[in-house]
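So the chains spell out like this:
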Amino acid sequence: MTSWTPQPAALQEILQTIHESTDTRNAAVQRTITHKLNNFTRAPDYVAYLAYILSSMPQEEDRIRTIAGYLLKNNARLILRASPEVLAFAKSAVLVAFSDPSIMIRNAAAQDIVAFLGILEPRNWPECLQQLVHMLDSPNADQQEAAFNVLERACEDYPRKLDVEINGTWPLDYMIPKFIVLSEHPNAKMRAHAIACLSYFVPIGCQALFAHIDTFIACLFKRASDEDSAVRKHVCQALVLLLASRPEKLMPEMGNVAEYMLYSTKDKHENVALEACEFWLTFAEDPDLAPYLHPLLAKVAPVLLDCMVYSEDDLLWLQGDDEDAAVPDKETDIKPRHYGGKTHGFEREANGDDSAQKRVGAYGEELDEGDDEDYEDFDDEEFAEEMSTEWNLRKCAAAALDVLAVRFGADLLNVLLEPLKTKLWSDDWLQRESGILALGAMAEGCIDAIEPHLPTLVPYLINTLNDPKPLVRSITCWTLGRYASWCTQPISEEHKNSFFVPTLEGLLRMVLDNNKRVQEAGCSAFATLEEDAGPELAPYLEPVLRNLVVAFDKYQHKNMLILYDAVGTLADAVGSALQNPMYVEILMPPLLKRWSKLKDDDDDLIPLLECLASVTIAMGPAFLPYAGPIFDRCHTIVHKSLLQYQAYQQNPEMDEPDRSFLVVALDLLSGLTQGLGMALEPHITRSQPSLLQLLTICLKHPHAAVRQSGYALVGDMAMNCFPILRPHVPAIMQELIAQLDPEPKVEFISACNNAAWAVGEIALRYGRDDVEFQQWVHPLISRLIPILLHPKAPRSLHENAAVSIGRIGLMHPGLVAPLLPEFAQAWCQALYEIRDNEEKDSAFRGLCTLVQTNPAGITKSLLWFCNAIVRWNQPSPELNNMFQQLLNGFKQHDAVGWAAQVATFPPVIQERLATRYGV
C-alpha cells in the first residue's frame, strides 16, 4: 500500500453520513445528507476515503461499502486534482476491491475501474489494463467474466483511448487476437463479451482490428448460429457496425448476410431481432448502398411489416384499454421540455436547413448529424405515443420502413400493397393497428404512389377512429396527421367536404377521448392539421375552439402541455381571424383560469406563456382588455429572474436559476408588442423598474438564449412601438454592435441572428439620413460586412446581415455606397433564394439605392445582381421600377459593353431580363 492513511475523525464523519443516507423516508434528512456529501468533495483526499471504505473495511456491511463505491464512481473526476499519494491509493484500492469475496463489492469496484480508466486514460494506468487482460486467463470463471465485463464497458465507452501506444507497444495488437480466440470460449457469457468488445472497434477504424478483419468476419459467421441469444445479438450488432463503416467487406457475402439478418429479424428473442432490424435501418439510410438493397426489398419489407405488431411485453407495459382521462398523471410521465426562444429567419425557395440541435426521429431514435443528407424532415415530433417508450423492435421497423419509403417510393408500395391490405382489413386488432402504423410510416416517401388510394384510405382511417381499442384510435390519429397535408389541400369544395372536414371532426373527437393516450395522439395530430390547413381553418374556428376549451377542463398534467401547443399553433395558423370578439370570449377565460392558478416559478407556466405569445399576436387589438395583468406578470418574471441571476453571480454556491422563465417572458412581451403596438405605452411607461432598463440588462446576460429573446424584443419594439424604444437606443446599440460576430459559437448563432435583424429594423425607423443614427453606421457596417463575407458563418446569419446592410444602405446611401464593391456579390448570393417578402423588398430597395449612388460598385458583380433581380416573383411596384431604371441606365451608358456582358449570362437570365425589363 502507499503512504496515504485515513484520519480517524474524517473517516468517521464520512461513514456516519453514508449510514444516515440509507434512511430514505425523511426528505429533510436526505437534503442535509446531499449537502454534506457535496461539501466533502472539497476535501482533497475524499476519493481516497471512499476507496478505503470500499476496499479495506470488511467490518462494515456490504451495503455501506457499496454506497462508498458508487459515490466514488460519481466523483471519479476528482482524481484529476488529487495528490500523487491519494491517486496511487485510490487506484490500488479499487483493484483490491475488484477481488473482494463479496459480489456487491466486486460490482461496485468494477464501475469505479471503468470510470477511473476512462478519466485517467489507459496510457496513464497501464498496469490496470494489464491486470484485466491477464485475468481473462484466470482459472476462476467469476474472475474471468468480471474482468471481461469491465473491458467490454471500456471498449464501448472509450474505444479510442484504448487504441494507443503505451510504452512502445500497442495493447490492442495483443488484445484483439485474444478476443477473437475467446469468441470460441465454452462459456456463452465470455463469447458474448468477446464479440461485443471486437465490434466496438469497428466504427473508429481501428487498425489492430482491420489487420484481422477477415478473421473477425469469419468468426462472426461461425457464431451466427450460436445457441446463446446474447452472442447472436452481438453478432448482429457487429454486422450493423461493419455495414455502417466497412460495407465493402460485407458486399461479397451480402446474399448470406441478408438471409441471416432476415432470419434474425424474426428471432423469438426481441433483443436479437432489434439488433438485426437496426441492420435494415442502417442499410436504408446509406444512399450509396441503395443498389444493393433494392433487390432485397421484396423480402425485407414484409418482414419489417410483421415486426410492427405490438409484442405481449409492449401491451403489458402500455395498459392501453383504460378510460383513464380522470386519473392524474404521475410526475415521472412528464418529460422535461427545453424552451429555446424565438429566432429570426427567412423562408427560402430552395430547401435548406440550419438546425443545429440533436435531431430525434419520428420513432424516438436519435439521428446523427448528417443523417438527413438525402431526405428531408424525418423528425415528425408529433408522434407522442411512439416516442413515449424506449426504442424497441416495433419502432425500429417503423423507422426503417419510413427510410425505405423515402428511398424507394412506389417500388416499396408495390411490394407491400397486398400484405398491407390484409393487415388493414384483418379481424385481429393488433394486425390492423400495425398496418395503420405502417401506412403512417410510409406517408412521406410513398405519398405519390399512395395518393390514388387516399380517397379510400382516409375515410377508412376516419372510421377507425371509432375503434373500441384506444391503441388503434391513437395510432390512427398519428397516421391521419401524416396525411394532413393531403387532406387540407384546397383542391375543390368536394375534396374539402369529403376529407378535410371529416378529418377535422374526427381528430377533434379524439382530442376529447376518454383515454389519455388517444387525447395525446389526437391533440398532436390536430396541431399538425392546423399547421397544414393554415387560414383554411378560419371558417371552423367556433367548433374548434369550443372543443379545445372543453379539453382545458378534461386534461391531466401531461396532455395539458400538448394542448397549449395546439392552441398556440391554431393562433399561428389562423392569425387575425382570431380577432372576432366571439372567439376571444370563448378562448380567453380558460387560458386566464390556468394562468391565475400557476405560480411564477411553476414549470407549466412556460408552455402557457409560449402559447399566449402566439395568441396575443393573432388577436392583436382584441387582446387589449387582457393585456394589463399579463404585461405586469411578464415584467415581474423578468425582474425577478434578473435579481435571482445577480444573486447567483455573487454566490456561485447557489443553484443556477432556470433561465427558461426569463426567455419565455421576453417572448410573450414580444408577442404583446406585435399584437398591440403603441397601445402598450401606458403599461411600459409605468413599469418599475423600467422595462427598457431591464431589457438592456438582458442584452448583457451571459446566456445566449436570453440575449436572443432580448434582441427579438428590441426588433419587435422597433417595428411596432418605435417612439417608446427610441430614447433607449444609444444604450441598446452598444450591446447590439458587440453581439455581431462573424464566427459566433454554435450556441450564439441565434442571438447573433436576432441582433443582425434588429439593427435593420431600427435603421428603417430612424429614417433617411437621420443624424443620430449616422454615428452607428460605420461600426455596424464594419461588423456586418465581415459576417456576410465569412465562409463559415451560418446561412441564416448571412441572410440577416445582408438584409440589414441593405436597410442601412437604404437610409444612409452616402455612407455605405463607397463599400459596395466589397460586398455586392456576397450580398446577392445571400438573398437571391429567399422567398419574396417585405424585408427582402426593403433590403433590395437599399441595394438599388447604393447602386444608384455608386454604379461602378456593382460592375464586377453584375451577373449576380441580374440573377438576384430575375429571381424575384413579385417585386413591389416601387422596387420593380428601381430595377427597370438601373437596367435601362446600364444599357444606355454603354449599349455595346452591356450587350457583350449579357451575352455571357446563362440563357435563363438573358431570357427573363429581356421579357420583364426589355434589356
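Residues numbered from 1 in each chain as written. Predicted model: local features only at pLDDT ≥ 70, side-chain atom pairs only at ≥ 80, totals over all residues. Heavy atoms only, no water.

Student: Just give me the short version of the overall build of the protein, but keep the residues and values in it.
Tutor: When you go through the protein residue by residue, the secondary structure sums to 51 helices and two strands. Whereas a compact globule of 919 residues would reach a radius of gyration of roughly 29 Å, the protein reaches 32 Å, a difference of no more than 12%. The contacts of the protein with a sequence gap of at least 6 include a subset with a gap of at least 24, amounting to 75%. On the protein, roughly 39,000 Å² of surface is accessible, and the fraction owed to carbon and sulfur atoms is 52%. Within the protein, one finds 76 positive and 124 negative side-chain charges whose respective centroids are separated by 2 Å. (Helix = DSSP H or I, 4+ residues; strand = E, 2+ residues; numbered from the N terminus. Rg over C-alpha atoms; globule rule 2.2 N^0.38 Å. Contact = heavy atoms within 4.5 Å. Areas by Shrake-Rupley, 256 points an atom, 1.4 Å probe, with all protein chains shown as cover. Lys, Arg positive; Asp, Glu negative; His and termini not counted. Charge placed at Lys NZ, Arg CZ, Asp CG, Glu CD.)

Student: I'd like a rundown of the packing of aromatic side chains, residues and numbers included.
Tutor: Counted according to the given criterion, the structure contains 25 aromatic pairs. Between the aromatic rings of F116 and W125, the centroid separation amounts to 6.3 Å while the plane-to-plane angle is 50°, which identifies the pairing as tilted. Classification of F116 as buried rests on a relative accessible area of 0%. Overall, the relative accessible area of 1% leaves W125 in the buried class. Taking NZ or CZ as reference, R394 lies 3.7 Å from the ring centre of Y310, over its face. The ring of W872 has K840 sitting right over it, with the charged end atom 4.5 Å from the ring centre. (Phe/Tyr/Trp six-rings, centres within 6.5 Å; stacked < 30°, edge-to-face > 60°. Buried < 20%, exposed > 50% of the residue type's maximum accessible area, 1.4 Å probe, protein only. Lys NZ or Arg CZ within 6 Å of the ring centre and 35° of its normal.)

Student: So what's going on with helix 10 (residues 171-182)? Residues and values would help.
Tutor: Under the 1.5 Å per step criterion, the end-to-end length of helix 10 is 16 Å for twelve residues, consistent within 8% with the ideal 16 Å. Within helix 10, the full set of buried residues consists of P171, L172, M175, I176, K178, F179, I180 and L182. Here the buried face of helix 10 lies against helix 7 (126-135), helix 8 (141-157), helix 9 (159-162), helix 11 (188-199), helix 12 (207-210) and helix 13 (213-223). (Expected span 1.5 Å × (residues − 1).)

Student: Give a description of unusual backbone geometry that names residues and reports values.
Tutor: Peptide bonds are, in most cases, trans, and in most cases residues other than glycine have a negative phi. For the bond from Q688 to P689, the omega torsion is -10°, close enough to zero to count as cis. The phi angle at E121 is positive, at roughly 75°, despite the residue not being glycine. Along the polypeptide, E121 turns up in the loop between helix 6 (103-120) and helix 7. Take E121: its relative accessible area is 22%, and that puts it in the partly exposed class. In the Ramachandran plot, N167 falls in the positive-phi region, its phi being about 50° despite a non-glycine side chain. Within the secondary structure, N167 is located in the loop between helix 9 and helix 10. You can call N167 exposed: its relative accessible area is 71%.

Student: I'd like to hear about the environment of M619, residue by residue, with values.
Tutor: By secondary structure assignment, the location of M619 is in helix 34 (residues 605-619). Taking the C-alpha atoms as reference points, M619 and V584, 35 residues apart in sequence, are found 7.6 Å from one another. If we skip the residues at most four places from it in the chain, M619 touches L578, Q579, V584, L587 and M588.

Student: Can you lay out the pattern of salt bridges for me, pointing to particular residues and giving the numbers?
Tutor: Under the counting rule described, the total for this entry stands at 39 salt bridges. The partner of K700 in a salt bridge is E735, with the nearest N and O atoms 3.0 Å apart. With a gap of 35 residues between them, K700 in the loop between helix 38 (691-698) and helix 39 (704-720) and E735 in helix 41 (residues 729-739) connect regions that are remote in the sequence. Counted as one network, the salt bridges with shared partners bring together E761, R765, R807, E838, D841, R845 and E878. (Salt bridge = Lys/Arg side-chain N within 4 Å of Asp/Glu carboxyl O.)

Student: With reference to specific residues and values, describe the state of the cysteines.
Tutor: Evaluated as defined, the whole model comprises zero disulfides. Note on C155: no disulfide assigned, nearest cysteine sulfur contributed by C197 at a separation of 3.9 Å. For C155, a relative accessible area of 0% gives the class buried. Note on C752: no disulfide assigned, nearest cysteine sulfur contributed by C698 at a separation of 18 Å. (Disulfide = S-S within 2.5 Å.)

Student: Tell me about helix 44 (residues 795-811), and please be specific about residues and values.
Tutor: Taking 1.5 Å as the rise per residue, helix 44 with 17 residues should run 24 Å; its terminal C-alpha atoms sit 25 Å apart, in good agreement. With 16 of 17 residues buried, helix 44 is to be regarded as a mostly interior element.

Student: Tell me about a negative patch on the surface, and name the residues and values.
Tutor: Negative charge collects at one region of the surface, where E531, D532, D565 and D572 lie side by side. When its relative accessible area of 37% is taken as the criterion, D532 is described as partly exposed. (Patch = residues over 30% accessible without salt bridge, like charges linked within 9 Å, V, L, I, M, F, W, Y side chains within 5 Å.)

Student: An account of the environment of E531 is needed here, citing residue identities and associated values.
Tutor: With respect to the helices, strands and loops of the structure, E531 is situated in helix 30 (residues 516-533). Note on E531: relative accessible area 61%, which makes it exposed. Sequence separation between E531 and A566 is 35 residues, and the spatial gap between their C-alpha atoms is 9.5 Å.

Student: With reference to specific residues and values, describe the confidence of the model for the protein.
Tutor: Detailed conclusions should not be drawn from predicted coordinates in areas where pLDDT is low. Looking at the protein as a whole, the pLDDT averages 89, with 93% of positions reaching at least 70. Across residues 350-362 the pLDDT falls below 50, and counting only partners more than four positions away or on other chains, this stretch makes 37 contacts in the model. (pLDDT = per-residue confidence, 0-100.)

Student: Tell me what's going on with the nonpolar core, and back it up with residues and numbers.
Tutor: As a rule of thumb, nonpolar side chains are buried together in soluble globular proteins. In terms of nonpolar packing, the biggest core is built from 337 residues, with W280, F623, I762, W827 and F865 touching the most fellow members. Setting aside chain neighbours within four positions, we find I762 in contact with V714, A718, F722, L725, V729, M733, L736 and F773. (Core = buried A, V, L, I, M, F, W, Y, C linked by side-chain atoms within 4.5 Å.)

Student: Hey, could you go over the packing of helix 33 (residues 581-597) against helix 35 (residues 624-650) for me, with residue numbers and the actual values?
Tutor: Relative to each other, helix 33 and helix 35 sit at 30°, their axes nearing to 12 Å. In terms of axis orientation, helix 33 runs roughly parallel to helix 35. Helix 35 is crossed by helix 33, and the crossing has left-handed handedness. Only Y626, P629, I630 and R633 of helix 35 make contact with helix 33, whose side of the interface consists of V584, E585, M588, L592 and W595. (Axes fitted to C-alpha atoms, helices over the stretch in contact; angles between N-to-C directions. Parallel < 35°, antiparallel > 145°, perpendicular 65-115°, else oblique. Left-handed = near helix turned anticlockwise from the far one by under 90°.)

Student: Which residues make up the packing of helix 39 against helix 42 (residues 749-766), and what values go with them?
Tutor: Taken N-terminus to C-terminus, the directions of helix 39 and helix 42 make an angle of 15°; their axes are 8 Å apart at the nearest point. With respect to each other, helix 39 and helix 42 are oriented roughly parallel. Note on packing geometry: the crossing formed by helix 39 with helix 42 is left-handed. Contacts from A704, R707, Q708, Y711, A712, V714, G715, D716, A718 and M719 in helix 39 reach S750, A751, N754, A755, W757, A758, E761, I762 and R765 in helix 42. Across the contact of helix 39 with helix 42, the residue classes break down as eleven nonpolar, four polar and four charged. (Nonpolar A, V, L, I, M, F, W, Y, C, P; charged D, E, K, R; others polar.)

Student: Please provide a residue-by-residue account of the environment of I562, values included.
Tutor: Following the sequence through the fold, I562 ends up in helix 32 (residues 557-574). For I562, a relative accessible area of 17% gives the class buried. Residues I562 and R783, spaced 221 residues apart in sequence, show a C-alpha to C-alpha distance of 41 Å.

Student: Can you break down the side chain of D467 residue by residue, with the values?
Tutor: Its place among the elements puts D467 in the loop between helix 26 (454-464) and helix 27 (470-482). Of the residues examined, D467 reaches a relative accessible area of 9% and is grouped as buried. Of the polar contacts made by the side chain of D467, one reaches the side chain of R432; its length is 2.9 Å. At 2.8 Å, the side chain of D467 forms a polar contact with the backbone nitrogen of K469. When near neighbours in sequence (up to four residues on either side) are disregarded, D467 contacts R432, V472 and R473. (Polar contact = N/O pair within 3.5 Å; in protein donor to acceptor, adjacent residues only side chain to side chain.)

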